Amino acid sequence: MTVRELTRFAVGGLWRQKVRTALTLVGVTVGTCAMAFSLALGLGMRAFIDTEFQSRDDFWRVVVHVDEPPADPKDAPPEKIAVRGDVSDARKERLSEALLDRYAATRQRKPPVPLTPEKVAAIAALPDVAEVRTYRSADGRVTAPGSDKPASAFTVSGALTDVQSRLLAGRLPEPGAKEIVVSELVLYDLGRGDDSDLERAIGLPVRLEVGGIRNAPPLALARALTGHLPGDDLTAAQLAVLEKVVGSLPAKLDAFDLTPAERLELQKLFTAKRDDDERPAASGATVADEFRVCGVVRVLTREDRKKLGPLTPWEVTRANVFLAPDTGGALFAKLPWTKEGAYYAADVRVRPGGDLPAAVAAIEGMGFRTFSAAKWFTSAKREVTLIAMGLNLFALIALFVAAVGITNTLVTSVVERTAEIGILRAIGATRAQIQGMFLTEGTFIGLLGSALGLALARALAVPADVWVQGIMQSQMEGETLHSTTIFVFPLWLWLASVAFAVLLTTAAAYYPARRAARIHPIEALRYG
């Protein structure tokens, strides 16, 4: 018998059992559809994670922090942590630890690996690192000619490209120029709140003071006199008077009704040496310089802040006075806690498409702590992969159920077609040809069922794609999806689905095919 004849007999056998064949075909179609649909969804979700993460600037950013060491008793003067009195050993240990923590809370501890300019340069030299941004920041105060009150101004020095889009007037500072950018709120506090003042403020001479503004002697004296920190209520004239009083107070102690012992104690307080290791929050050290306003930026609204990513530098979002890196660096370098040149953090920008995990690993290998989207990305892809594997498992179960149906169909077919098998053997069909005929039936069901299943999966993906993207877009909080689809059907998925379905259905037909091939022709004819 020829291959054509065997194929015709195989198709004819399936056609004579229309209902049973149709039900088996439905099983293969549903199983293939489920498998292709789940695979396409898994591939699409992984592609979705890649696109949504990697298409955003924040994904390629790594925030580097220094780890502050625990307090060491060797760093504290013995008299600061000495426990006086007759106390038990256990209580002495507790009190000593508490005294050490209290002393260390006001002191600037040096990290095991400081983020020095040399370390920043080493990070910038890593493969795929495009830029490293560092910032200096501190509380500040701006005074201007003709303004009754100074303006409180948190000041930052560093890369200001993120501020460019917020400019209302003017430009960003030129390198090396003694220029600053102020927010519209600073101008408003300086008494220049009209719209026309935005342009007129360009070129305005101002005095900027940064450092421990709130702990500086003038405000400390104001707090002592009023019982609260004046803050924005303090006028420029009052500030000048307070500074004058603070400067002349040590020489005017004789004017107070004090005993010699009391006067001596106050003199000790005035002449106490300032500790350069004081934390910025505890120090009252300040430095000042003269600048000209070169730009005005708008303040961030609540809606603007909601759109900021977790890796956006907090210094830039909080600040309302901005200095160029070189000019600001020279000013901040005069403060005692920045005189050694080390930074508290750095904003590392990795080249888009680069090896982000490798850059993170290299930075952590230098002894620094990092915060980036790499861990979120890995976690998200792992979760999507696990979900996809679960869906694929259910799809495989559906296909195996269909395979059982094929086996049942062909076993029944063998019984019903015993006489036909005997006739075929009697006219010269070999066992191999009989076995091939039934295997062909399984292959045919696999081909047709997989083709229908793939077509059904692709058709179902269209409305499902719209539905899933709508849900995701509603959870993006105003951001735009960069992905165009949640389902991906690459060529290999089509080919693999067909090949797997055909292989499975052919394997399911193997037992009935062997059983048919072993039927003796005389017994088959007698059965008929």
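These figures come from a predicted structure and were not determined experimentally.

Brief notes about the overall build of the protein
At step 1: Regarding its fold elements, the protein presents 20 helices and 13 strands.
At step 2: Burial status across the protein gives 42% buried among its 528 residues.
At step 3: When contacts within the protein are restricted to residue pairs at least 6 apart in sequence, long-range pairs at least 24 apart make up 82% of them.
At step 4: Within the structure as shown, the protein displays about 28400 Å² of accessible surface, and the carbon and sulfur contribution to it stands at 60%.

Looking at the pairing of strand 10 (residues 286-297)
At step 1: When strand 7 (residues 167-170) meets strand 10, the two strands line up antiparallel, connected through three bridges. Along strand 10, the bridge assignment pairs Ala169 with Val296.
At step 2: Strand direction decides the pairing type here: strand 8 (residues 179-183) and strand 10, joined by five bridges, are parallel. Within strand 10, the position partnered with Ser183 by the bridge is Val297.
At step 3: For strand 9 (residues 205-211) and strand 10, the ladder comprises seven bridges, and the chain directions are antiparallel.

Remarks on the pattern of salt bridges
At step 1: Under the counting rule described, the total for this entry stands at 19 salt bridges.
At step 2: A salt bridge links Arg207 to Glu290; its shortest N-O distance comes to 4.0 Å. Of this pair, Arg207 sits in strand 9 while Glu290 sits in strand 10, placing them 83 residues apart in sequence.
At step 3: A relative accessible area of 45% means that Glu290 is categorised as partly exposed.
At step 4: One salt bridge connects Lys306 with Glu303, and the closest N-O pair in it is separated by 3.4 Å. Remark: Glu303 and Lys306 occur in helix 11 (residues 302-306); sequence separation between them is three residues, near one turn of the helix.

Concerning the sheet that holds strand 12 (residues 345-350)
At step 1: Reading across from one edge, 2-12-1-13 is the order of the four strands in this open sheet, with antiparallel pairing throughout. On the outer flanks of this sheet lie strand 2 (129-134) and strand 13 (369-372), each paired with one strand and no other. Pairwise comparison of adjacent strand axes, ignoring direction, gives a mean angle of 25° for this sheet.
At step 2: With five bridges connecting them, strand 2 and strand 12 associate as antiparallel partners. Pairing of Glu131 across the sheet is with Arg349, part of strand 12.
At step 3: Helix 5 (residues 117-124) rests against strand 1 (61-65), strand 2 and strand 12 of the sheet, and its axis sits at about 155° to strand 2.

Considerations on the side chain of Thr155
At step 1: Relative to the helices and strands, Thr155 resides in strand 6 (residues 155-157).
At step 2: There is a polar contact of 3.2 Å between the side chain of Thr155 and the backbone oxygen of Ala153.
At step 3: Excluding residues within four positions of it along the chain, Thr155 makes contact with Arg136, Ser137, Ala138, Gly140, Leu208, Val210, Val321, Leu323 and Phe332.

Regarding a negative patch on the surface
At step 1: Taken together, the side chains of Asp89, Glu93, Glu97 and Asp101 present a region of like negative charge at the surface.
At step 2: Here Glu97 lies in helix 4 (residues 89-104).

Details of the packing of helix 8 (residues 217-226) against helix 9 (residues 236-248)
At step 1: Relative to each other, helix 8 and helix 9 sit at 95°, their axes nearing to 9 Å. Taken together, the axis directions place helix 8 and helix 9 in an arrangement best described as roughly perpendicular. Here Pro217, Pro218, Leu221, Ala222 and Leu225 of helix 8 lie close against helix 9, whose contacting residues are Leu239, Leu242, Glu243, Val245 and Val246.

So, the pairing of strand 1
At step 1: Within strand 1, four of the five residues are buried, which leaves the element mostly enclosed by the surrounding structure.
At step 2: Relative to strand 13, strand 1 is paired through four bridges, and the arrangement is antiparallel. By the bridge assignment for strand 13, Val63 is matched with Phe371.

Points about the packing of helix 17 (residues 431-474) against helix 18 (residues 491-508)
At step 1: Orientation of helix 17 relative to helix 18, taken along the N-to-C sense of each, is 145°, at an axis distance of 8 Å. Once helix 17 is placed against helix 18, the crossing between them reads as right-handed. From helix 17, Leu439, Gly442, Thr443, Gly446, Leu447, Ser450, Leu454 and Arg458 reach across to helix 18, where they touch Trp494, Ser497, Val498, Ala501, Val502, Thr505 and Thr506.
At step 2: For the contact of helix 17 with helix 18, the residue count by class is seven nonpolar, seven polar and one charged.

Overview of the packing of aromatic side chains
At step 1: By the definition in use, this model includes eight aromatic pairs.
At step 2: Arranged with centres 5.9 Å apart and planes meeting at 80°, the rings of Phe53 and Phe59 form a pair that is edge-to-face. Pair check on accessibility: Phe53 and Phe59 agree, each one buried.
At step 3: Aromatic side chains Phe371 and Trp376 sit 5.5 Å apart centroid to centroid with 80° between the ring planes, which places their arrangement in the edge-to-face category.
At step 4: Overall, the relative accessible area of 33% leaves Phe371 in the partly exposed class.
At step 5: Ring-pair connections join several aromatic residues into one group, and the members of that group are Phe53, Phe59, Trp60 and Phe377.
At step 6: Over the ring of Tyr343 we find Arg136; its NZ or CZ atom is 4.0 Å from the centre of that ring.

The rules behind the values
- Residues numbered from 1 in each chain as written.
- Predicted model: local features only at pLDDT ≥ 70, side-chain atom pairs only at ≥ 80, totals over all residues.
- Heavy atoms only, no water.
- Helix = DSSP H or I, 4+ residues; strand = E, 2+ residues; numbered from the N terminus.
- Buried < 20%, exposed > 50% of the residue type's maximum accessible area, 1.4 Å probe, protein only.
- Contact = heavy atoms within 4.5 Å.
- Areas by Shrake-Rupley, 256 points an atom, 1.4 Å probe, with all protein chains shown as cover.
- Pairing = 2+ DSSP bridges.
- Salt bridge = Lys/Arg side-chain N within 4 Å of Asp/Glu carboxyl O.
- Axes fitted to C-alpha atoms, helices over the stretch in contact; angles between N-to-C directions.
- Polar contact = N/O pair within 3.5 Å; in protein donor to acceptor, adjacent residues only side chain to side chain.
- Patch = residues over 30% accessible without salt bridge, like charges linked within 9 Å, V, L, I, M, F, W, Y side chains within 5 Å.
- Lys, Arg positive; Asp, Glu negative; His and termini not counted.
- Charge placed at Lys NZ, Arg CZ, Asp CG, Glu CD.
- Parallel < 35°, antiparallel > 145°, perpendicular 65-115°, else oblique.
- Left-handed = near helix turned anticlockwise from the far one by under 90°.
- Nonpolar A, V, L, I, M, F, W, Y, C, P; charged D, E, K, R; others polar.
- Phe/Tyr/Trp six-rings, centres within 6.5 Å; stacked < 30°, edge-to-face > 60°.
- Lys NZ or Arg CZ within 6 Å of the ring centre and 35° of its normal.

No statement about biological role is implied by the geometric values presented.
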